[in-house]
Every structure is written in C-alpha cells, then in structure tokens.
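# Fold and contact review
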Amino acid sequence: MNSKHSKRKFLVLIVLLCTTALSFAITAPNWNGAQWIWQQDDSPSNTWMSFRKTVTVDEVPETVEAYISVDSKFWLWINGEMVLFEGGLSRGPSQVGEWNRKAKITPANSWYETVNIQPYLKKGKNTIAILVWFWGRESHKGTHIDSGKGGLLFSSEIGNQHVVSDKSWNVLQHTGYNNTIAPASKAIIQYSVMFNANNALNDWTEKAWYMPTYNDAKWAKASEKGILGVAPWYDVEPNTVPHLINHGLQNYENHDALQFPFVSDGKVIKAKLPFNKQITPYLEVEANAGDSIFITTDNRLNRINATYITKAGTQKFESYSWMNGNEVRYTIPKGVKVKTLKYRWMSVGEMAGTFKVDDPFYDRLWWMGNNTLFVCARDNFMDCPDRERALWIGDVADQTGYLFYAMDNAGRQLLKKAIIQTTAFSENGVLGALGPLRVRELVSQSLQFIAQSIWPYYLNTGDKETLEKAYPFVYDYLALFPMQENGLPEYRKKKSPDSWDWVDWGVKKTEDKQPIQMAFYYLALSKAKEMATVLGKTEHVKWYTDRMETMKPAYQKAYWKNGYYSTKPEQLKDDRANAIAIVSGIALPEYHDQIVDNVLIPNRFSSPHFEWIAEEAMCIAGRHKASLERMKAQYQSQVDKKSMSTLYEMFPRGGSYNHAWNGSNKILSKYIAGAYPTQPAWSEFAVKPTLVHLKTIEKTIPTVKGDIHLKMNKTKTSYQLQFESPATTTAVIGIPKSGKQVDTIEINGKLVWKKGKQKKQLSGVSYVDQDETFVTFKVTSGDWNVKATYK
C-alpha cells in the first residue's frame, strides 16, 4: 500500500472512530462494573448457556432499560415471561484494528441490544433469566466473526440499583442441548438442534415473585472474563436494526385438517405455512420417555433441523434455530399423542409495502418477490436462507431495488448495516463482494453495490452521516481502475488475492464480460459523482466527470456493432451487456430501440440476478409493454406453480427456491406504478405511471417520511389517481397520456386543465409542463384526488 493510500485510510479510520466515540458518549449505557461472564471453562462451539439473577425491587420505576451483548444469540425472560425472543446479531467486522489474515485476526466489534424490561418487573423479587447460544465457529460464506469465547455482558439501572453481569450471577451449561453434534453445513454458521427433554432444566425461568424460586443452588457462580473493551469482544456498538418482529406462535394453514389431538401413525406430518418463512417449529405432545421426534422442512436445501427426545408425559418444545420452507415436516413415532403443532415467524420489520393490480400474474409475482425479500433478511441481507445465508453484495444490490417499496425502518437499517460492514471489511481499496473472512472480489458486484445500494440508500433515507462514512471506500475502489489509451478503464481481473471473474449465471457461454464491467464502472462513476456533489467533494466531481466524458464515446467505438453492443458480434449478443449499457446511461439514447428489438426481446440469457436490469432497460427505453411481456415469459412457470411462494435462483427453476436477487418488484413499483424519489428522503417524489394493459393499481410505499398510499384506475376514457402523501413532501404527479389527448383534469373536484391549457389556480397545486407522455403537476402533502378525461 502506498503512503498516500495509507494516510487516507488512517484519516478515514480516525473519522470513523471519532464519530463512533461521539455517538457512544451520547447514547451509551452505564457499563461500570459490568463484566463479560460465562462458565469457568471457555465453551466449545454450539453451547447453550443458562444465566440467572434474582433482583429485589422496592418500587418499579417508570422506565427501565437493559443493555445486553452476547456472542452469539440470546433469549430473555423476566419472572418466566418472555421479554425478547432471539436478541443479538452475528458479530461483524469493524475498523477497530488492522487485518492480519495470516494470523487469522479479523477486527470486529460486538453489538449490544437495548431492551425495555419495565413492563415485566414486579415489586419484590424478580428473576432475570437469559439463555445464550454461542455458535463458536466461522464460515467462508458467513458474515459472523467468531470471538472464540462465549460471553454475556449485561447492564440495567433499576431505580437506584445498578444490575450488572458479574460473579453474583448463577450459570449452568444447559443440559438439555447436545453440543456435540456436527455443524449443519460448511457454509452456514448456525447449528441444528438436538434436545433431550429428560435432561431439561424445566421451569428455570419461573416467576419468582409469586412462586417458590427455582432451585439453582447447584449452579456455578459466573466466571468474570473481563470488562468492556477486553479482547476478544472489544467495544460494543449499539444495534441500530430494530428487534425482529415476533409474530407469536401461530397455527399452520392446515391446522383444522390435522384434527388435533391425534395419535401419530409414524408417518411424516406435513404442516403447511402460508408462505415460505423463517420459522422456529413448536410442538405439544404426550409421549413415553425416549421417543425421538425429527423436524425439518420441504426445502431440499434446508440445512437446519431439530431432533427432540421426549420425557414421559405431556410436554412442550420449540426449537430456537430457525429454518425455512413452505411446509414444516414432523416425523413423530407411532403411538405418540400429538396435542398441537405450531410455528413462530420472526421477521425484519413488518411487510409494510403493498402492491395490488388487476392482472393476477403480476399480482402474484409481486407477492412472491416480497416473500423472497423477507425470507432473505435477518442478521443481514443474504443470498438465500438455506445453504449459505451469505452477504453477497451484488445480491444486496438487487434487494435494494425493491426493499424501499416493501420494508419499513428495520429494512432500511439492515441495509445501512450492510453498507457499514462491507466498507469495514474492505482491504487495500477492494470492496469485497463477499466477506468478511475472504474479501472475495467480484468486480461487477462491487461496482453494482456502489451504484445500486450505497447511492439508493442515501436517496431513499437522506442519511448523510452513513454516506460520509462509506464514500472514502467508494472513491478508493473506483481509483483502482487505471484508464487506457482507448478511453476505457483497464478490465479488472485477478487484481486481488481472492477474485472471481463472474458476472452472472444464466445461459452458459453467452455473457459478454467486458462491456458489462465497463458499463457497471460508468454507472458507479455517475452515482459516486452524485455522492461527491452531496458531500462537497468538488475535485472528485471533476475526476468522475472527466472519466465519464472520456468513456462514453470510447464505449461506442469499442463495442457498438450495427444494432447492439458486443465484443464478438458473430458470437455474443448478450442481453445483460446491452441492458446494463442502457441502465448505466453509457448507451446513446438513439440506440435504445435497436437494443430492445435486436437483443432484449429475442434473447433471454440472464439469470434472475440480471433479469430485472434487462426489464429496467426496456422501461428506460420507453418499452414498458415489452418489459412486462419479458417479465411474464421469464417468470410464468414459477407463478403458475401454486405450491411456490418465493422465487428461484435460476430460470426456469434451479438452485435455491428462495433467492434474493429476483428484482422485478422494482420494475412494477418504479416504472409501472411510476413511484420513485426525486429528492433525498422522499422529500419530493414522482407518481408517473405507465399502466400498459393494467386497469387498477393499489400501492403503499413505506418511506422515511411516512406511508404513501396510491390508488390508480384507468379506463378507455379516463384516468383517476387517489393518493395520500406524508407531511413535508412534494409529489410530482404525471397524468399519463397513454397515446391519447388529455381533455380535462380535475384535482380535488376543481377543474385545473382543459383542452391543453391550465384553467384554474388551486392552493397546493402548480402546473409544471407536458410532454409526449405526461401532463405534470406538483402538489403539496395531503390527500389528493386527480381525475383526467381523454378525447
């Protein structure tokens, strides 16, 4: 690394640490006296540790918060009542130190959770019970950095009493869990569960305030492992991602058909979920001691299972290691009485965004895409919830395209976490497409992440602080591409220790890699230029501008081959290369129709990772009908399969059946419904639909300003838009001409347009202009009813 680069990295590090320190100083809990605690021995992997502490409370204060940090997950009860189901996040990389890959030193901080425990406290004795699951391993595909030691850090100020984790707590390795089982997979960190009810601790979380206290006299006293800041946990950072939404124990869809209670005949019981979810399975049975119950899902790639060994009598069990699928399969021995089967769904926020349309194909496709997004989000956005659970940043970029139309604040915060962690595990200027243990570079994905994750995050949230943190890494990466005499950057291949020259799966031997990488680089330059403008980096703005101005004519000269872009026109006519040329803006607008007709309509080589980019390119070219037709052709077989509720990794089917990179919901939301931000944080947004054959669309968009509700209706002679926009926003509404002449426009019952002219001024409404496709007005926040008639 050269000295200039080292200085820049050092300055970035100082800024990050100072920012973190300032934030910590303002919001940090009181950790004084708190110790990391565990049993005396450092646990092996896959250990479930039980902690108990009895606290006497004279009066319950109005506000009581507990701060908890663990490696790796925890469940919290107070007086036997569940307070938080699955707290904690996988430990991510940070800038706390220097990489040392040879010594396998990966700098990492731990997260802490803030939990409101006030509603659960009672006057008198209270029992705090915490179950901690220590994974104790890493994976080349995972985002978790193993500390190597299980630990619990706790602090809570209850009135004048400061309760902290220390040697006064009682601790016992949970005897019900078998921690000698093999890892579920080389690629994922979590383990399956094997639980023996005969060794269970029974009511160890019980309500001490009105029942005799659970007898934990034989438990050991906790061993103190060090105060805040000690290795291997280092500092703890606040988890900004809201707690997972606990939807509670729910009946399966075929609950009534299963006719509980019943006696098992030993055959597999198929319990149906409403759609593919991340769930923890639950059961209540009456059995003899030693019966073995096995639980898995219909997902052939599922790696997480549960084995439950019964005790004698009636019993309940829930496996805390989540799995996913369309149905949960219980294998229960013959003769066991099954009282009920249930499941718990945990989600990153609520499914706040909606999309309803009168064409059942696109309606169902949006629903399947939405389910896919949610099943691929938990501790991080992931490629799939089964075989890897890995944060591939190209997949995250695909998810970014539609998460702002579907997810509430929790989703936005999870994307922020992905951005911060991705920049933190960068090395020598490289933004790794997979990390943190590998920093594996897939150039197109790294460029895509800059343009289609970092910039959209800022545009949709207005979070300038995160943009400031991420931007130096953006610039450093783009500076790794030397320009050549032909006006294009050098094709980046095998320039880092762990690189992969990959752009897409799709149809083999059809990808045209050079124009793809060049177009992604151009797109990244254009969005980095926007970032630099926001941050006042004038010298960088010029650097980006100069490169873009040099690249654009050079791209045409190098790759335009009489109707499409290609390096070998007799062999390669790649829809991916031509699509990203349009989306990036490097393609000349006069070429758009030729590209659509010559390549994007006849050739469908892309996987779902690139498919949505092809559909977006067609919309940018003004060919929305062709885009919808291509979308339908690609996804028809999946939508028609009624047993499916999420989308495949490959066309027509293949790989995981719930892969993150299916992004057609962005096209339906941004280009068909026509809703997108035009200014940061949705302070100004457009509603400019292109409905094609669709007659009605109802849509809710959960923005940082509040929900936007849209309802559109189109007939041969009219168009109507009803919408609610949040406070402090401006909407740019385009009344679609749909190839016709707009005769009249009424807004909130007042005639504002007739025969091509504005007729009346209306408070909160201003006319903008008209072109071939729209008559455009701006309106302030509030409820609006727009009605247009056509000649």
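Presented here is a report on the structure given in the accompanying data block. This one's a predicted model, so the numbers in the text were calculated from it and none came from an experiment.

### As for the overall build of the protein
When you go through the protein residue by residue, the secondary structure sums to 14 helices and 33 strands. For 791 residues, the compact-globule formula gives about 28 Å, and the C-alpha radius of gyration of the protein, at 28 Å, lands near that figure. Dimensions of the protein, computed from the C-alpha atoms along their principal axes, are close to 85 × 65 × 55 Å. Here the protein holds 791 residues, and 60% of them are scored as buried. In the protein, the proportion of contacts linking residues at least 24 apart, taken out of those at least 6 apart, comes to 75%. Accessible surface for the protein amounts to roughly 30500 Å². Of this, 49% is attributable to carbon and sulfur atoms. Averaging the locations of the 95 positively and 80 negatively charged side chains of the protein gives two centres separated by 3 Å.

### A look at the packing of helix H11 (residues 592-600) against helix H12 (residues 608-620)
At a closest axis distance of 9 Å, the pairing of H11 and H12 adopts a crossing angle of 140°. Comparing the axis directions of H11 and H12 gives the class oblique. For the pair H11 and H12, the crossing hand works out as left-handed. For the pair H11 and H12, the contacting residues are His592, Val596 and Leu600 in the first and Ala614, Ala617, Met618 and Ile620 in the second. In terms of residue class, the contact of H11 with H12 is built from six nonpolar, one polar and no charged.

### Comments concerning the packing of aromatic side chains
Note on aromatic pairs: each is described by the distance of the centres and the angle between the planes. Within this structure, the stated rule accounts for 52 aromatic pairs. Seen in terms of ring centroids, tyrosine 555 and tyrosine 559 are 4.9 Å apart; in terms of plane orientation they differ by 70°. Their pairing is edge-to-face. Residue tyrosine 555 and its partner tyrosine 559 are both found in helix H9 (residues 538-559); the two are separated by four residues, about one turn of the helix. The burial state of tyrosine 555 is the same as that of tyrosine 559; both residues are buried. On the numbers, 6.3 Å between centres and 65° between planes, the contact of tyrosine 565 with tyrosine 591 is edge-to-face. In this pair, tyrosine 565 is assigned in the loop between H9 and helix H10 (575-584) and tyrosine 591 in the loop between H10 and H11, connecting sequence segments 26 residues apart. Accessibility assignment for this pair places tyrosine 565 and tyrosine 591 in one class, buried. Aromatic ring contacts, followed pair by pair, group Trp48, Trp75, Phe85, Trp133, Trp135, Tyr177, Phe195, Tyr308, Phe317 and Tyr320 into a single cluster. One Lys or Arg, lysine 277, reaches over the ring of phenylalanine 275 and ends 4.8 Å from the middle of that ring.

### Focus on the environment of alanine 788
If you trace the backbone, alanine 788 turns up in strand S33 (residues 774-790). In this structure alanine 788 comes out as buried when scored by relative accessible area, which is 0%. In the structure, alanine 788 is positioned 45 residues away from aspartate 743 in sequence and 7.3 Å away in space, judged by C-alpha atoms. Those residues within four positions of alanine 788 in sequence are excluded, and the remaining contacts are Thr717, Ser718, Tyr719, Ile735, Val742, Thr744 and Ile745.

### Quick notes on the nonpolar core
Among the nonpolar cores identified, the biggest contains 199 residues, and Tyr330, Leu478, Ile745 and Phe777 are the most heavily contacted of them. Among the elements that line this core, the one with the most residues is helix H8 (residues 513-535), at 13 residues. Excluding residues that lie within four positions of it along the chain, tyrosine 330 makes contacts with Tyr252, Lys267, Val268, Ile269, Ala271, Pro281, Tyr282, Leu283, Phe294, Ile295, Leu341 and Lys342. In terms of nonpolar packing, the next biggest core, distinct from the first, is built from 30 residues, Ile37, Val64, Val115 and Trp169 among them.

### So, the pattern of salt bridges
In this structure the tally under the stated criterion is 31 salt bridges. Ionic pairing is found between lysine 272 and glutamate 327, a salt bridge with its closest N-O pair at 3.3 Å. With lysine 272 in strand S17 (residues 268-287) and glutamate 327 in strand S21 (residues 323-331), the pair connects residues that are 55 residues apart, well separated along the chain. On the basis of relative accessible area, glutamate 327 is assigned to the buried category, the value being 8%. Counted as one network, the salt bridges with shared partners bring together Asp504, Asp574, Asp575, Arg576, Glu611 and Arg630.

### Topic: the pairing of S17
With 15 of 20 residues buried, S17 is to be regarded as a mostly interior element. Where S17 meets S21, eight bridges bridge the pair, whose relative direction is antiparallel. The partner of lysine 270 across the bridge, within S21, is arginine 329. Of the pairings in the sheet, the one linking S17 to strand S20 (residues 313-318) comprises six bridges and is antiparallel in character. For leucine 283, the partnering residue across the bridge sits in S20 and is phenylalanine 317.

### Side note on the pairing of strand S2 (residues 47-57)
A regular strand places its side chains on the two faces of the sheet in alternate fashion. Here S2 lies mainly inside the structure; nine of its 11 residues are buried. Bridge analysis of S2 against strand S7 (residues 124-134) gives 11 bridges, and the strand direction is antiparallel. Residue pairing in the sheet places threonine 47 in a bridge with phenylalanine 134 of S7. Inspection of the sheet shows S2 paired to strand S10 (residues 170-173) by four bridges, in the antiparallel sense.

### What to know about unusual backbone geometry
Most peptide bonds take the trans configuration, and most residues that are not glycine carry a negative phi. Omega for the peptide link from alanine 231 to proline 232 comes to 5°, which places this bond in the cis form. A cis amide bond links phenylalanine 651 to the next residue, proline 652, at an omega of -10°. Among the secondary structure elements, proline 652 is positioned in the loop between helix H13 (624-640) and helix H14 (664-672). In the Ramachandran plot, alanine 681 falls in the positive-phi region, its phi being about 60° despite a non-glycine side chain.

### Examining the side chain of threonine 703
Within the secondary structure layout, threonine 703 lies in strand S26 (residues 696-703). With relative accessibility at 7%, the residue threonine 703 sits in the buried group. A distance of 3.1 Å separates the side chain of threonine 703 from the backbone nitrogen of lysine 705, its partner in a polar contact. Beyond its immediate sequence surroundings of up to four residues, threonine 703 is in contact with Arg412, Trp682, Ile708 and Pro726.

Calculation rules
- Residues numbered from 1 in each chain as written.
- Predicted model: local features only at pLDDT ≥ 70, side-chain atom pairs only at ≥ 80, totals over all residues.
- Heavy atoms only, no water.
- Helix = DSSP H or I, 4+ residues; strand = E, 2+ residues; numbered from the N terminus.
- Rg over C-alpha atoms; globule rule 2.2 N^0.38 Å.
- Buried < 20%, exposed > 50% of the residue type's maximum accessible area, 1.4 Å probe, protein only.
- Contact = heavy atoms within 4.5 Å.
- Areas by Shrake-Rupley, 256 points an atom, 1.4 Å probe, with all protein chains shown as cover.
- Lys, Arg positive; Asp, Glu negative; His and termini not counted.
- Charge placed at Lys NZ, Arg CZ, Asp CG, Glu CD.
- Axes fitted to C-alpha atoms, helices over the stretch in contact; angles between N-to-C directions.
- Parallel < 35°, antiparallel > 145°, perpendicular 65-115°, else oblique.
- Left-handed = near helix turned anticlockwise from the far one by under 90°.
- Nonpolar A, V, L, I, M, F, W, Y, C, P; charged D, E, K, R; others polar.
- Phe/Tyr/Trp six-rings, centres within 6.5 Å; stacked < 30°, edge-to-face > 60°.
- Lys NZ or Arg CZ within 6 Å of the ring centre and 35° of its normal.
- Core = buried A, V, L, I, M, F, W, Y, C linked by side-chain atoms within 4.5 Å.
- Salt bridge = Lys/Arg side-chain N within 4 Å of Asp/Glu carboxyl O.
- Pairing = 2+ DSSP bridges.
- Polar contact = N/O pair within 3.5 Å; in protein donor to acceptor, adjacent residues only side chain to side chain.

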